[in-house]
Amino acid sequence: MPFMSRKMKNSLFGYLFIFPALIGFLLFYAWPAGRAVGISFTDWNLLSEPYYVGLDNYVDMLEDDQFWNGLKLSAYYVLLNIPLQVMLGLFLAVAMDRLTKSLFVKAAILLPYLLSNVLVALVWLWMLDPILGIVNSLVSFFGLTPQAYLGDPDQALVSVAAINIWRHMGLCAMLFLAGLQTIPKYLYESASLEGVTEFQMFRKITLPLLRPVMVFVLVTSVTGSFQIFDTIAVTTAGGPLDSTRVIVYYIVQNAFSFYKMGYASAMSVTLCMIMLAYTLLQMHIMRASESDLN
Amino acid sequence: MANITLKNVTKRFDKLETIHSVNLELCDGEFVVFVGPSGCGKSTLLRLIAGLEEITEGVIEIGDKNMNNIAPANRGVAMVFQSYALYPHMSVRENMSFGMEMRGESKENIHTRITKASHILQLDELLDRKPRQLSGGQRQRVAIGRAIVREPDVFLFDEPLSNLDAELRVDMRIQIAQLHKKLKATMIYVTHDQVEAMTLADKIVVLRAGHIEQVGSPMELYHNPNNMFVAGFIGSPKMNFLPALISDIEADNSVIVAFNGQKILFKIQSDKLSIGDPVTLGFRPEHIHLAKQEDGFHFDITVDVAEHLGGISYLYSRFENNNMTIEVSGENVLTSGDVLSVGIKQSDCYLFDQAGKTLIERVLPNR
Amino acid sequence: MILIKKMTPARCVAWLVLITMLVVTLFPLLFVAKTSFVPAGELYTTSTQLLPDNPTLSNYKKIFGLLSTEESIAAGGSGANINITTSMINSVIFTGIIVIVQTFNCALAAYAFARIPFYGSKLLFGAFVASMMIPSVVTLIPNFVLMRDLGLLNSMLGMVAPFFLMHGFAVFFLRQFFISLPKDIEEAAQLDGANSFMIFFKIALPLSWAPLMTVATLTTINMWNEFLWPFLIATDDSMKTLPVALQSFKSQTPQGQPDWGGLMAATVVATIPTIIMLFFFGRRIVESVQFTGGK
Ligand SMILES: Nc1ncnc2c1ncn2[C@@H]1O[C@H](COP(=O)(O)OP(=O)(O)OP(=O)(O)O)[C@@H](O)[C@H]1O
Ligand SMILES: [Mg+2]
């Protein structure tokens, strides 16, 4: 074999190993991320040549009520979605941790998450149908007024949030359950010997030790639900009266319905910056919240 | 020929230098043991020879061939790891044949070598088992078998027996000694175990903090340690060290050493001493007698703890402010608090200067 | 046993809540299943019933294309079409290609990052991990343009392209595992004359079934459910995956009443593979999902 230093040989092998992944990274992450910035400085409808417009798109964006409305709706959606989803998931996890190890229960609780957003949206579109849906039948049965849900501008976003809570609750529960199982049982045993009630144990032992999982769930579910799209595309298509035209929906609409590639890119780059800022902030908090176990 | 030569071998991990310009000469067919405290670089040196780590400076030769840029697999070495490092998903047979297959040996060749090795190591019954179905001792034998079938010029062992219990360890130690006799290959063996080192080695290499302190046969190191470190490291229990003074200097490289009010003449190899210099006396626990010796030191000790092991006892005691360990053979009823008068022959004493270097050369016992 | 020992009020409440949650989770799916067997004319009359009065398979026949257009309109269809068999097959191919190729590529890269010290490895690994933070909507437009320019719209290659080569999480996760493998096993193989590729294929991969399956399971879930990208690329019916086909089936009648019977039948059919997977690989799926939360 011709002479080759070990470092060179390692580098040759290293790059052979990562070659396919590296191509994927460059072609579908790094380059498009840069290109998105480039497109955002142009006016481009996909058909004609892109036309350089400088910062015009960003200026337009700042003056666009729909853009601000989209951001506001996404943020509002996160606020509707996350606290309830996390609380229900936590509650379910604690109950399952104490009551049952049954795989069937776990699988059933997780099932909605395993179905696609589209599927879940269809299920609830039917359930929430103002005339034929069972939800309104139940509502009338209890003597309340039937509602339009997804058809009512005041209720549409809340309904979408409810649908996603239904889909993600089980996922949250599973993540918390995994976290709960890392907490040593002797902590609870010694606490119960001292006559501490279950509720106090939850507050004083479970919650503090669950902090790392909590941070993980918060980071991923906040960034995830800020980018809500699928459910809205199926159920409301941004309506009624723009009441669910969240930011990602608005971006996709600009790009693929109005063919305003430059403008859509400007908004998506801005969204990326917001997400990045949020993630860095969260990571900062996360570093300050290393587990107290070990 | 598989003599091994290390010339100015230096190893740095990033900035941290862990092996400092080591020179070493090992003969073909020798059984060499590396000893030294934890972290002194024994494993690193072994891995440098194997080629698992790249040397930073210097030259490693095996059989007079420069190995610096030769891949580990082509150095003619086989290694037995402390953790055995068997391939968990392969049967014993596959574990042994893997290397030969990589080399493209013929099927029959592989078969005969495995048969031979498994016969030597009594692995015949185990060939189709997976490592997890084996006991610790069996795993270790498979690891050795995997090395044997490679038919290497050099065997490298990194604390191969340290995961085994005491009895198995003795057993395997003897097997390894027999193997060495049979195969006549060069073997380098890293251990923490005094007994393994003393019984197996043709040559012991004592390392400290990336330096070689001394190289020699077990008896050389026992009788003529270069310095206090080697003296303390070889022999068990450890040598006792006690402060003394040079009280007079005679003409022909002889000095009078004063200890506990007694003065005794030692022939030494240095002329740099002057009257009043502090020196250190070394007494091996097994050389201290429960009676005053003619031509030697004697002193009183207080027993702190007495350990009776049946045939011998260890007395952990104090002389003035120094700890003293004493080995007593035969049964006795000595116990904590006893005050004893003990003695040691002049010829059993070790003597070190202030820097810890030995001052006397003792004569090795001859057969 | 513990149950019987200590049935405190708190436990009773907890059980009650857990059971309620199970009902809330499963009931909608059962209700959808019921609807799929209801003939078109009886949707309203049976809307509050748990079982259909006159169960029928016509909804299923419709979505599998066993009825002609006239027949299906007569059976309450909207005239909308869904080729559920084709889209199911597309979904299987789409998911299958991505899961197999992506897991393999990521394992290769993860192994190199864990074990081979090559120039730039730290930097590249950091970049791979950082790629997880880029919202998909940012790369969406440039990636779409690229696919269009390469003529890959409405092709399977175009659909799998952004996914099948690399995924930041998979690389990160598998690297963690490879680092935890005992190094001396690989060193033994090195002494036995294996090069990096052989060590990877003959030693590291066979020892990594569990984490590889975890990654594959997670990717299967995500890709089976992926909507936006295939929705943009596969505009032709023959290329649509299940979520895309369901969405377009639903939206073919934006004004009039959707074909609920057909839609619910399609929903049931689309749910069945997930249930089957859950039945056979329940434990693996649950544990894989739980794994994502632990660093
Ligand atoms: N890969 C490495 N990177 C950095 N430092 C290392 C590496 N390997 C070993 N060292 C350092 O080199 C020194 C020698 O380590 P080595 O493993 O050779 O010691 P050892 O004599 O075998 O110890 P032990 O008896 O505990 O096995 C130690 O200080 C160790 O921390
Ligand atoms: Mg070591």
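- Under an unreviewed UniProt entry, the name given to chain B is sn-glycerol-3-phosphate ABC transporter ATP-binding protein UgpC, and the source organism is Marinomonas arctica.

- By the naming in an unreviewed UniProt entry, chain A is Sugar ABC transporter permease, taken from Marinomonas arctica.
- Per UniProt, chain A has the following entry under Sequence similarities (unreviewed entry): "Belongs to the binding-protein-dependent transport system permease family."
- Its UniProt record gives chain A the following Subcellular location (unreviewed entry) comment, quoted word for word: "Cell membrane".

**Here we look at the packing of aromatic side chains**
Step number 1: On inspection of all chains with the given rule, the structure shows 44 aromatic pairs over all chains.
Step number 2: A cation over an aromatic ring shows up here: Lys11 of chain B above the ring of Phe13 of chain B, its NZ or CZ 5.0 Å from the ring centre.
Step number 3: Over the ring of Phe31 of chain C we find Lys34 of chain C; its NZ or CZ atom is 4.4 Å from the centre of that ring.

**Comments concerning the UniProt feature "transmembrane region" (unreviewed entry) in chain A**
All names here are of chain A.
Step number 1: According to UniProt, the feature "transmembrane region" (unreviewed entry) maps to residues 12-31, 75-95, 107-127, 165-188, 209-229 and 261-281 in the numbering used here.
Step number 2: Helix makes up 100% of residues 75-95 and strand 0%. Its end C-alpha atoms lie 30 Å apart.
Step number 3: Overall, residues 261-281 shows 100% helix and 0% strand. The separation of its end C-alpha atoms is 30 Å.

**Considering the interface of chain A and chain C**
Step number 1: The interface is formed by 91 residues belonging to chain A together with 89 residues belonging to chain C.
Step number 2: Regarding the contact of chain A and chain C, the summed buried area is about 8500 Å², with carbon and sulfur atoms giving 79% of it.
Step number 3: When the area that chain A buries against chain C is broken down by residue, the three leading residues are Phe17, Phe28 and Trp126 of chain A, summing to 10%.
Step number 4: At the boundary of chain A with chain C, the tally comes to zero salt bridges.

**Here we look at the sheet that holds strand β15 (residues 296-308) of chain B**
Residues and elements named next belong to chain B.
Step number 1: What the four strands build is an open sheet, ordered β17-β16-β15-β18; its pairing is antiparallel. In this open sheet, the two edge strands, each paired with only one partner strand, are β17 (322-329) and β18 (339-345). Adjacent strand axes in the sheet meet at a mean angle of 45° when their direction is disregarded.

**Quick look at the domain arrangement of chain B**
A common measure of how large an interface is: the accessible area buried when the components associate.
Residue and element names in this part refer to chain B.
Step number 1: We note that the domain assignment places domain 1 (4-233) and domain 2 (240-352) within chain B.
Step number 2: Relative to domain 2, the C-alpha centre of domain 1 lies at a distance of 38 Å.
Step number 3: Counting residues at the interface gives eight residues for domain 1 and seven residues for domain 2.
Step number 4: Taken together, the two surfaces of domain 1 and domain 2 that pack against each other cover about 630 Å², and 62% of this comes from carbon and sulfur.
Step number 5: Three residues, Tyr222, Met228 and Ala231, lead the burial of domain 1 against domain 2; their summed loss comes to 77% of the area buried on that side.

**Description of the site of ligand 1**
Residues and elements named next belong to chain B.
Step number 1: Every residue lining ligand 1 is accounted for by Phe13, Thr18, Ser38, Gly39, Cys40, Gly41, Lys42, Ser43, Thr44, Glu159 and His192.
Step number 2: A distance of 3.2 Å separates an oxygen atom of ligand 1 from a polar atom in the side chain of His192.
Step number 3: Here ligand 1 loses 59% of its free accessible area of 640 Å² to cover by the protein chains.
Step number 4: Counting residues per element, the shell around ligand 1 draws most heavily on helix α1 (residues 42-50), which supplies three residues.
Step number 5: For the shell around ligand 1, the per-class residue count stands at two nonpolar, seven polar and two charged.

**Quick notes on the environment of Gln176 of chain C**
Step number 1: Take Gln176 of chain C: it is sitting in helix α9 (residues 168-180).
Step number 2: A C-alpha to C-alpha distance of 16 Å links Gln176 of chain C and Asn105 of chain C, two positions 71 residues apart in sequence.

What counts, and where the lines are drawn
Residues numbered from 1 in each chain as written. Chains lettered and ligands numbered in written order. Predicted model: local features only at pLDDT ≥ 70, side-chain atom pairs only at ≥ 80, totals over all residues. Heavy atoms only, no water. UniProt positions renumbered as here; feature names shortened; annotations may be inferred. Phe/Tyr/Trp six-rings, centres within 6.5 Å; stacked < 30°, edge-to-face > 60°. Lys NZ or Arg CZ within 6 Å of the ring centre and 35° of its normal. Helix = DSSP H or I, 4+ residues; strand = E, 2+ residues; numbered from the N terminus. Contact = heavy atoms within 4.5 Å. Buried area = accessible area lost by both parts, 1.4 Å probe. Salt bridge = Lys/Arg side-chain N within 4 Å of Asp/Glu carboxyl O. Pairing = 2+ DSSP bridges. Axes fitted to C-alpha atoms, helices over the stretch in contact; angles between N-to-C directions. Domains from an automatic or database assignment. Near = heavy atom within 4 Å. Polar contact = N/O pair within 3.5 Å; in protein donor to acceptor, adjacent residues only side chain to side chain. Areas by Shrake-Rupley, 256 points an atom, 1.4 Å probe, with all protein chains shown as cover. Nonpolar A, V, L, I, M, F, W, Y, C, P; charged D, E, K, R; others polar.

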